[in-house]
Amino acid sequence: KMTPEQARTFRDDVLNIVSQIPRGRVTTYGIIATWARWPSHPRMVGRTLRYTPEADQLPCHRVVNREGRTAPGWAMQRTLLEEEGVAFKPNGYVDMQRYQWEPDDSFL
């Protein structure tokens, strides 16, 4: 369980990482959680993006699950990714081998 200070740091780290995802690339909730130093908390990344008001100013559409699946109930996510040149496989998932991005050590 996170302390309030840890939760604030986690939120800030998540938002910072998401802000750096390049156009035409995607990353996963799990990668973000790992880089935010809480690798067992990918669902908390999703909650952070959903419930943090300033997250709507970030490229949250570039975050998908580890298989490349977009968020359920957010049909616009696929459209936004396709507009950036991200292609989808026949199963409707992002081709993670082609489009996955990971932050480097300079992100924090």
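Description of the structure in this document. (Residues numbered from 1 in each chain as written. Predicted model: local features only at pLDDT ≥ 70, side-chain atom pairs only at ≥ 80, totals over all residues. Heavy atoms only, no water.)

Right, let's get into unusual backbone geometry. The phi angle at R37 is positive, at roughly 70°, despite the residue not being glycine. Along the chain, R37 falls in the loop between α2 (29-35) and α3 (42-51). (Helix = DSSP H or I, 4+ residues; strand = E, 2+ residues; numbered from the N terminus.)

α3 packs onto helix α1 (residues 4-19) with a crossing angle of 80° between their chain directions and a minimal axis gap of 10 Å. If you check the angle between α1 and α3, you find them roughly perpendicular. Where α1 abuts α3, its residues F10, R11, V14, L15 and V18 lie against M44, V45, T48 and L49. Partitioning the contact of α1 with α3 into residue classes produces 7 nonpolar, 1 polar and 1 charged. (Axes fitted to C-alpha atoms, helices over the stretch in contact; angles between N-to-C directions. Parallel < 35°, antiparallel > 145°, perpendicular 65-115°, else oblique. Contact = heavy atoms within 4.5 Å. Nonpolar A, V, L, I, M, F, W, Y, C, P; charged D, E, K, R; others polar.)

Turning our attention to the packing of aromatic side chains. Enumeration over the complete set of coordinates arrives at 0 aromatic pairs. The ring centre of F88 lies 4.2 Å from the NZ or CZ of R78, which sits over that ring. (Phe/Tyr/Trp six-rings, centres within 6.5 Å; stacked < 30°, edge-to-face > 60°. Lys NZ or Arg CZ within 6 Å of the ring centre and 35° of its normal.)

Applying the stated criterion across every chain yields a total of 7 salt bridges. Ionic contacts of the salt-bridge type, sharing partners, join the residues R23, R62 and E84 into one network. (Salt bridge = Lys/Arg side-chain N within 4 Å of Asp/Glu carboxyl O.)

Attention shifts here to α3. For α3, the set of buried residues is V45, T48 and L49. The buried residues of α3 occupy one face: seen down the axis, they fall within an arc of 95°. Residues of α3 that are exposed and point more than 90 degrees away from the buried face comprise R43, R50 and Y51. Lining the buried residues of α3 we find α1, α2 and β2 (63-64). (Buried < 20%, exposed > 50% of the residue type's maximum accessible area, 1.4 Å probe, protein only. Arc of directions from axis to C-beta.)

All we've got here are geometric facts, nothing functional implied.
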